[in-house]
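# Observations on the three-dimensional arrangement
The lines below spell out each chain.
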Amino acid sequence: MSQDQPRRWIAVVGNPNAGKSTLFNALTGLRQRVGNYPGVTVEKRTGTAYTLHGEAIELVDLPGMYSLSPRSPDEEIARKVLRGESDGIPQPDAILCVVDASNLERNLFLVTQVMELGIPVLVALNMVDVAEARGVRIRPGELSQRMGVKFLPTVATRGKGLVELRAALGQKLSDPGERRWVMPPQLATAVGQIAAAWRDALPAELGAEGRALELLAGGKDGPEGARKLAAAWRERFREQAYDWPAAVVQARYAYLKEMLGQAGVGHGQAHLTWTDRIDALVLNPVAGWGVLAGILTLLFTSIFSIAAYPMEWIDIAFSAAGGWLQGAMPAGLFRDLLVDGVLAGVGGVVIFLPQILILFFFLGLLEDSGYLARAAFLLDRVMHRVGLSGKSFIPLLSSYACAIPGIMATRTVEDPKDRLTTILVAPLMSCSARIPVYTTLIAAAVPAAVMPSWAKAGAMLGLYALGTGTAFVLAWLFRKKMMGGGSPPLILELPPYRRPSLRTVALRMWERAVIFLRRAGTVILALSILLWFLCNFPHTAEDPTERLAQSFAGQIGHALEPVLRPLGFDWRIGIGLVASLAAREVFVSTMSIVYHAGGEEEGLVQAMRSASWPDGSLIYTPLTCLALLVFYVYALQCLSTVAVVRRETGSWKWPAFMMLYMAGLAYAGAWLVQAVGGMLGG
Amino acid sequence: MKAMDLTQVGAGREVRVSRLDCAPGTCQRLREMGFCENAMVRKIRGGADLVCWVCGTRVALSARLARQILVETVDGNS
Ligand SMILES: Nc1nc2c(ncn2[C@@H]2O[C@H](COP(=O)(O)OP(=O)(O)O)[C@@H](O)[C@H]2O)c(=O)[nH]1
């Protein structure tokens, strides 16, 4: 194959849980790219595979789906890619369908639709091991002959059948032949006419019948004549109250049932297996919640305790690198930039990598084993109250660790409105970066001696509850009131429990790590440099406290004071707010510089407690501390979150909206604290 | 043969879908997942939300949806 010939594209489609990702990973390994389709929150995954002859081909992994009739944006994307209407992906030269051999009837339903696209189809008959264990006879030859497309048996997890698959991908695949299922006569007339009109206009195109069905369902692309005809038929069917889409589904299933019977392939009997026995416990209304609570406890303990060690090593490594630079470079601005700007800024974010890896390790295990579907099922009724589905729970929970993995985990939420809502409220869940800010401010509000530790814990809990409660109220507002409709009623496949594949889990962790580190190396690096510049220029004074006061950040603080005054904040707090735009915990280190407090928290708390306004009254009254706490619960002081939301939603619109609404909430919340406190005479 | 909805079926029983009574989009999704008219469904777990065996897979449904799936008992299984 010559170098400059464009590579062939193959789209991989299949039902959820058919083993599509496993097969895709097996074929492409680490040669994968993850992105977003323009403008929508649907993940786009492509990768390079090699045929047995060494020809490089591009695979695009489409979202798992049950049907091609576009109803959800996922299916719309899939349809667009398959039709060659998606930017950046040419029309596929062939389609690889991944089907679960132990559940052929439902899986082949999608194949009958895919075959109508007029593109060559190859079917990977996956999970033959499971099917055989269930006593289903696998007859690829028989199926190929009856359906008119090639079936190849595979076991994706063990790499069985991959060689044959790669060989077949290298050969020229034949177009799927005639439609095999029987259309009801009434519909057949309509489809025949529309397809003929299509062929008259565009004789070269294959799959006119599939096009006709698409037009009948309300599709908008196609020659004018065919479109008009389709509209007329649609209207006639509506008048006759003829539910033709239902008839099509039934006709496809009827054909498959008969064909599978003739081919001697039954589907497994409905008998209770150990999956049902585990479900009896896991889905039990009482015990199920216990299991869920246990798993979540384990997850969070690991995120906070196990991750503490590697986090400390990263911290030590970054400090050591800083120390080494201090010694090795001549004193000067450039050194300061590297040490205080670049290393401190990037280090402050990279330190969350272990938490992210652990979270995705657990999520991978839970998803791959089949448990995540059960958790979603259990939580669905709770989440339904605010208009979300059970799938939003895990991302929200993860956001207690850090909003970034939480937002990345929203990829498991299929409904795009649900996903967007989850992303929008996720940063309201108090993340671990807020902890240092909370503790410092609580200590500044009430002297440690006066405040027993249970009260401190209670105050912390109150802050968490405030964030969580607001998140649910806003989720309800965004999802139910603004986007409309509430999430669709639950229909969820519960896959059988399986031993998770460590390879899949490891690949997923690797992928998240790369995404995360790449961002730390680009966006966050740039922002850290910018922030350092703001805090250090104009470079007039040698004394750091003086310099910060006169810097751009200091000037911004002064400029902000009139706005912040109603909240009880002075310009120094303004500096803290500006500096902690990149990451909340920076507030503490910035305030240490502002108050000349050195590195220790106690010194800072002392300095804050005695700080006063020009008229001598204290700045950090308990009320102001509370206002500042509320501000930090709500404000989106985290540019990494903004960057990740931009990435995940594919536009600047949502991060901008998020920043605005959260800033509004923070300001209003802090103001309310002062106003109510003032009224109560506090 | 008595018409009832899926929530009224006892766990472990197998029934045949006779009619779907829901919004067109939802109906279509149910059919595509295997809940076609005449399809055989075995209820695995009852409760507020339920789990059925249909077309070779376990599918969980909310009770709200299950009430819209009308079913009939099959001879020899009543
Ligand atoms: N026994 C067996 N398990 C498989 C096979 N292919 C995939 N799996 C497992 O099936 C589950 C679902 O696979 P996945 O690739 O995530 O499915 P997808 O939803 O279609 O992408 C995972 O636990 C896989 O490890 C197979 O051929 N045999």
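Residues numbered from 1 in each chain as written. Chains lettered and ligands numbered in written order. Predicted model: local features only at pLDDT ≥ 70, side-chain atom pairs only at ≥ 80, totals over all residues. Heavy atoms only, no water.

### Topic: the interface of chain A and chain B
Taken together, the contacts link 40 residues of chain A with 29 residues of chain B. Across the chain A to chain B interface the summed buried area is about 3000 Å²; carbon plus sulfur atoms make up 57%. Across the contact surface, chain A and chain B share 2 salt bridges. Between R31 of chain B and D243 of chain A there is a salt bridge, and its shortest N-O distance comes to 4.0 Å. There are 9 residue pairs in polar contact (both at pLDDT 80 or more) connecting chain A and chain B. (Contact = heavy atoms within 4.5 Å. Buried area = accessible area lost by both parts, 1.4 Å probe. Salt bridge = Lys/Arg side-chain N within 4 Å of Asp/Glu carboxyl O. Polar contact = N/O pair within 3.5 Å; in protein donor to acceptor, adjacent residues only side chain to side chain.)

### Concerning the site of the ligand
Residue and element names in this part refer to chain A. Inspection of the region around the ligand gives 18 residues, with N17, K20, S21, T22 and D129 positioned closest. Here the ligand has 580 Å² of accessible area as a free molecule, and 89% of this is covered by the chains. Broken down by element, the residue count for the shell around the ligand peaks at 3 residues, all from helix α1 (residues 20-28). (Near = heavy atom within 4 Å. Areas by Shrake-Rupley, 256 points an atom, 1.4 Å probe, with all protein chains shown as cover. Helix = DSSP H or I, 4+ residues; strand = E, 2+ residues; numbered from the N terminus.)

### Remarks on unusual backbone geometry
Residue and element names in this part refer to chain B. Notably, N38 is not glycine yet its phi reads approximately 80 degrees, a positive angle. For N38, the location among the structural elements is in the loop between α1 (24-32) and β3 (40-45). Judged by its relative accessible area of 56%, N38 falls in the exposed class. One non-glycine residue, C55, lies in positive phi territory at about 55 degrees. By the element assignment, C55 lies in the loop between β4 (50-54) and β5 (57-61). (Buried < 20%, exposed > 50% of the residue type's maximum accessible area, 1.4 Å probe, protein only.)

### Comments concerning helix α16 (residues 371-384) of chain A
All names here are of chain A. Helix length check: α16, at 14 residues, gives a terminal C-alpha distance of 20 Å against a target of 20 Å (1.5 Å per residue), a fit within 8%. Within α16, 11 of the 14 residues are buried, leaving the element largely enclosed by the surrounding structure. Of all the residues in α16, the buried ones are Y371, L372, A373, R374, A375, A376, F377, L378, L379, D380 and M383. (Expected span 1.5 Å × (residues − 1).)

### Here we look at the domain arrangement of chain A
What the domain assignment lists for chain A is domain 1 (8-169), domain 2 (185-262) and domain 3 (518-679). A straight line from the C-alpha centre of domain 2 of chain A to that of domain 3 of chain A covers 61 Å. (Domains from an automatic or database assignment.)

### What to know about the pairing of strand β4 (residues 56-61) of chain A
All names here are of chain A. Within β4, 6 of the 6 residues are buried, which leaves the element mostly enclosed by the surrounding structure. Residue alternation in β4 divides its side chains into two sets, A56, E58 and V60 and I57, L59 and D61, and both sets are buried. When strand β1 (residues 8-14) meets β4, the two strands line up parallel, connected through 5 bridges. Following the sheet pairing, A11 is matched in β4 by V60. (Pairing = 2+ DSSP bridges.)

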